[in-house]
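Chain residues, written in single-letter form:
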Amino acid sequence: MKKLIIVFQMLALIYIYHAAILNVAIDGSQAFTSRQTAIQASNNGDTILVHPGRYYENVDFVGKSINLCSLEATSGDSSYIATTIIDGNNSGSCIRLVTQEQNVSIRGFTLENGTGYPFWSEAENQGGGMLITSNGSVSITNCEIKNNKSANGAGIFISQGLVQLSGVDIHDNYSFTTAGGLLVYSHSSSPT
């Protein structure tokens, strides 16, 4: 039994040792200028650390178990929430987790101008700010989700996901049919 525990501990250390921090800055001062290119280059367990700016993107985690954080996560300075923005540019959900991503962490962002993504029906978009489906698990901390719109769950749409919310401010979103702020459908959640 001791050998099994030692092997497990060694594997855990190897996993932690190989985790990387990928820095993103819109001004080109870091290795990446968009979150999506950093996500594409990342491996499970990595952290994407995003410097302030308005990023016009529709971020898809593409099945990766990673951490997406603004400088608020490393500094504790809450002003980074308002200055590190994922702007959906009225062309889809700001963030999508739709391929069973596990142990994802999102921290310290403003998400706005998302319009959702077709889920359930091609005629209706879901999750303007964030769309979480397919039995994924995510922790969302210290984020502001505002000025998004969609047919259902304009702020956050959760279907079959395990979601933990802490310090999340959801306001001023607009839904055409149901739930301007948060729509939870067939889920497990742990709001704090």
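The following paragraphs examine the structure supplied in this document.

**Quick word on the overall build of the protein chain**
Consideration 1: Scanning the protein chain for helices and strands turns up four helices and 21 strands.
Consideration 2: Counting over 192 residues, the protein chain shows a buried share of 45%.
Consideration 3: Carbon and sulfur atoms make up 54% of the accessible area of the protein chain, which totals about 9200 Å².

**Overview of the sheet that holds strand E9 (residues 110–112)**
Consideration 1: Strand order in the open sheet formed by five strands is E3-E6-E9-E14-E18, and the pairing between neighbours is parallel. Looking at strand neighbours, the two that pair on one side only are strand E3 (53–56) and strand E18 (169–171), the edges of this open sheet. Taking each pair of neighbouring strands and ignoring which way they run, the sheet shows an average axis angle of 15 degrees.
Consideration 2: As judged from the three bridges shared by strand E14 (residues 144–146) and E18, these two strands associate in the parallel manner.

**A look at the pairing of strand E17 (residues 162–166)**
Consideration 1: Of the two faces of E17, only the one carrying Val163 and Leu165 is buried; Leu162, Gln164 and Ser166 on the other face are not.
Consideration 2: As judged from the five bridges shared by strand E13 (residues 137–141) and E17, these two strands associate in the parallel manner. Across the sheet, Thr141 pairs through a bridge with Ser166, a residue of E17.

Calculation notes
In this convention, every chain numbers its residues from 1, walking through the sequence in written order. For a predicted model such as this one, the threshold for reporting local features is a pLDDT of at least 70, and the threshold for listing and counting side-chain atom pairs is 80 or more; totals across whole chains, interfaces and linings nevertheless cover every residue. As a rule here, side-chain values cover all heavy atoms of the structure and leave hydrogens and water aside. A run of H or I in DSSP becomes a helix once it reaches four residues, and a run of E becomes a strand once it reaches two; helices and strands are each numbered from the N terminus. Burial classes: relative accessible area under 20% of the type maximum marks a residue as buried, over 50% as exposed, and values in between as partly exposed (1.4 Å probe, protein chains only). To be clear on the numbers: accessible area is Shrake-Rupley with a 1.4 Å probe, and residue cover counts the displayed protein chains and nothing else. DSSP bridges decide pairing: two strands pair if at least two such bridges lie between them. As a rule, the C-alpha atoms of each element are fitted with a line to give its axis, helices using only the stretch in contact, and angles between N-to-C directions run from 0 to 180 degrees.

Such coordinate-based values are descriptive only and should not be taken to indicate function.
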